[in-house]
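The primary structure of each chain is shown beneath.
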Amino acid sequence: MTAAFMDLVDVTIVNIAIPSIEHDAGASFSQIQWITAGYALAFAAGLITGGRLGDIHGRKRLFLLGIAGFTVASALCGFAANPEMLVASRILQGAMAAMMVPQVLSIVHATFPAHERGKVFGLFGAIVGLGAVSGPLLGALLTEWNLFGLEWRPIFLINLPVGLVALFLGRRYITESRAPKALKLDLVGVALVTLGLLMLLYPLTRGRELGWPLWGYVSMAGAFVVFAVLVAYERRKADRDGSPLIELSLFRVKSFAAGIAVQTVFGVALGIFFLVWTLYMQIGLGWRPLRAGLTGVPFSLAVSTAAGLSVQKLVPRFGRKVLQAGALVMGAGVLIYIGEAHRYGLAIASWQMTLPLVVMGAGMGLIVAPLTDAVLSEVPREHAGSASGLINTVQQMGNALGLGLVSVVFFGVIDDRLARTQVGPAFAHAFQHALWWVAAVMGVIFLLMFALPKRPAQHVEGAEDAEGAADAEDAADEAAPATEGAGELVH
């Protein structure tokens, strides 16, 4: 949980501090882009490989290695002598996070029997909510305090004590686990998946800044060719020695295939919302980072509360309907936000955003905690790492697609040349326009959720009576629910 929280905070904390980095470090606009995009690209490209390495060499070992590397990379970021070193250190940090994050799901799966995992999911939901707001809030505080005259550097250095504590506790309390049969790392698969993801995500990440050049579209189209070659190769690899990087048999599990689609589209919605929300408050309304960060607190509290309720109380009773209700509630919150933004215009206050943010947060909480549970409830234990890497990867792809769409649904309705007095109204109008898209995406998610299982297997297993206890223990070995992917949605 500590490691997952650290990763969550680190993604969001940087955005708030970008103006300080730009001013103090003398970073160019391109370098600023790479400080955020470099982490995201390295993280997304390494997730599937990181998950599989945990299956092969031991999840505890990879987890601790990832935490140690993440802590060292954070120190390098904090002590970066120039923008180039900061960019390189952020790429290293993303690669280390890709080793660390997939193991969280696998370790939870290996440590807790199925009927106890609901408690873990509830706790993780609270961590997701805290991480969602702690990053921007902590980033704003550390930047404005300017501790020891270090400007933006404490946003990275704060990871050092947290990482050391996580390393110590992990070594002491986590038990080692790995796939029951010996697997080998599929190096060709690693090369193909990394190439395909970079070809897809790099143009999406940098497209708007570069003016959407032709090579970007060619690269994205070529990525799908690489993925097709990857699928054909992985199929042959599975038949030959049973050690593919991506276990294609997972997609024959209906709940997993449907869940992957939901995760991807949900990532698109969140990718659009969180970026345009930040731009709306800080540029459109002209709010200071601290005020913007504090405005998000009700949203975070609502996510945490609803996440705990959904997994422990609601999903065992109502199953899939809870997730669908979450999509409708979140969509309703988006519509209320459009109405409030239109009604109050640039005079809108933080408290007037509370209602839509609480409704949206409640809807998101009903989705994020049980969604990965539903997706992975029928995944075999030996493929937990591979499945975890896949889920986190498609979330990152969805996020990147959402960020790419911001240039269409938000910047697409803003004139290139605006007078100072026109910026606020233009950004407020573009925010409302983008939210209509988010509401439409939530409707699509509601429909996709009909393909999810009516009740995740974990909750069926957890309801056994004394007679069926032994059978439930056997079934527990075949279920792999977890909420690790929930945190990446916030990314």
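These numbers were taken from a predicted model, which means no experiment stands behind them. (Residues numbered from 1 in each chain as written. Predicted model: local features only at pLDDT ≥ 70, side-chain atom pairs only at ≥ 80, totals over all residues. Heavy atoms only, no water.)

Q: I would appreciate a short explanation of the overall build of the chain in the present structure.
A: Helix and strand counts for the chain come out as 19 helices and zero strands. Here the chain, with 491 residues, has 58% of them falling under the buried criterion. In the chain, the share of contacts with a sequence separation of at least 24, taken over all contacts with a separation of at least 6, comes to 85%. For the chain, the exposed surface amounts to about 19600 Å²; the carbon and sulfur share of it is 66%. (Helix = DSSP H or I, 4+ residues; strand = E, 2+ residues; numbered from the N terminus. Buried < 20%, exposed > 50% of the residue type's maximum accessible area, 1.4 Å probe, protein only. Contact = heavy atoms within 4.5 Å. Areas by Shrake-Rupley, 256 points an atom, 1.4 Å probe, with all protein chains shown as cover.)

Q: Explanation requested: the side chain of R320 in the structure shown.
A: Mapping R320 onto the fold places it in helix α13 (residues 320-344). What R320 contacts, discounting residues up to four positions off in sequence, is M449, F450, L452, P453 and K454.

Q: Sorry, what's going on with a nonpolar patch on the surface here?
A: A surface patch of nonpolar side chains, about 290 Å² in accessible area, is lined by V72, L76, M85 and L92. Only α3 (59-78) and α4 (83-111) provide two or more residues apiece to the nonpolar patch. Locating V72 in the fold gives a position in helix α3. Residue V72 is classed as partly exposed on the basis of its relative accessible area, which comes to 48%. (Patch = residues over 30% accessible without salt bridge, like charges linked within 9 Å, V, L, I, M, F, W, Y side chains within 5 Å. Salt bridge = Lys/Arg side-chain N within 4 Å of Asp/Glu carboxyl O.)

Q: Sorry if this is basic, but what is going on with the packing of aromatic side chains here?
A: Given two aromatic rings, one states the distance between the centres and the angle between the planes to describe the pair. Following the criterion strictly, the structure yields 15 aromatic pairs and no others. A ring pair is formed by F251 and F256, whose centres lie 5.4 Å apart and whose planes are at 75°; its orientation type is edge-to-face. Of the residues examined, F256 reaches a relative accessible area of 0% and is grouped as buried. Where Y280 meets F431, the ring centres are 3.9 Å apart and the plane angle is 0°; that geometry is what we call stacked. Of this pair, Y280 sits in helix α10 (residues 254-284) while F431 sits in helix α16 (residues 420-448), and the two are 151 residues apart along the sequence. As far as burial versus exposure is concerned, Y280 and F431 are alike and both buried. In this structure an aromatic cluster arises from ring pairing among F273, F274, W277 and F299. A cation over a ring is seen here: R291 above W287, with NZ or CZ 3.9 Å from the ring centre. (Phe/Tyr/Trp six-rings, centres within 6.5 Å; stacked < 30°, edge-to-face > 60°. Lys NZ or Arg CZ within 6 Å of the ring centre and 35° of its normal.)

Q: Which parts of the structure should I look at to understand the pattern of salt bridges?
A: A side chain of one charge can pair with a side chain of the opposite charge when the charged atoms of the two come close. Counting across every chain of the model gives three salt bridges. For R52, the salt bridge goes to E247, with nearest N and O atoms at 3.5 Å. Of the two residues, R52 is situated in helix α2 (residues 29-57) and E247 in the loop between α9 (214-241) and α10; the sequence distance between them amounts to 195 residues. For R52, a relative accessible area of 1% translates into the label buried. On the basis of relative accessibility, which here comes to 11%, the residue E247 falls in the buried class. Between D55 and R59 there is a salt bridge whose closest N-O contact spans 2.8 Å. Assessed through its relative accessible area of 1%, D55 is described here as buried. Look at the salt bridges and you will find they share partners, linking R52, D55, R59 and E247 into a network.

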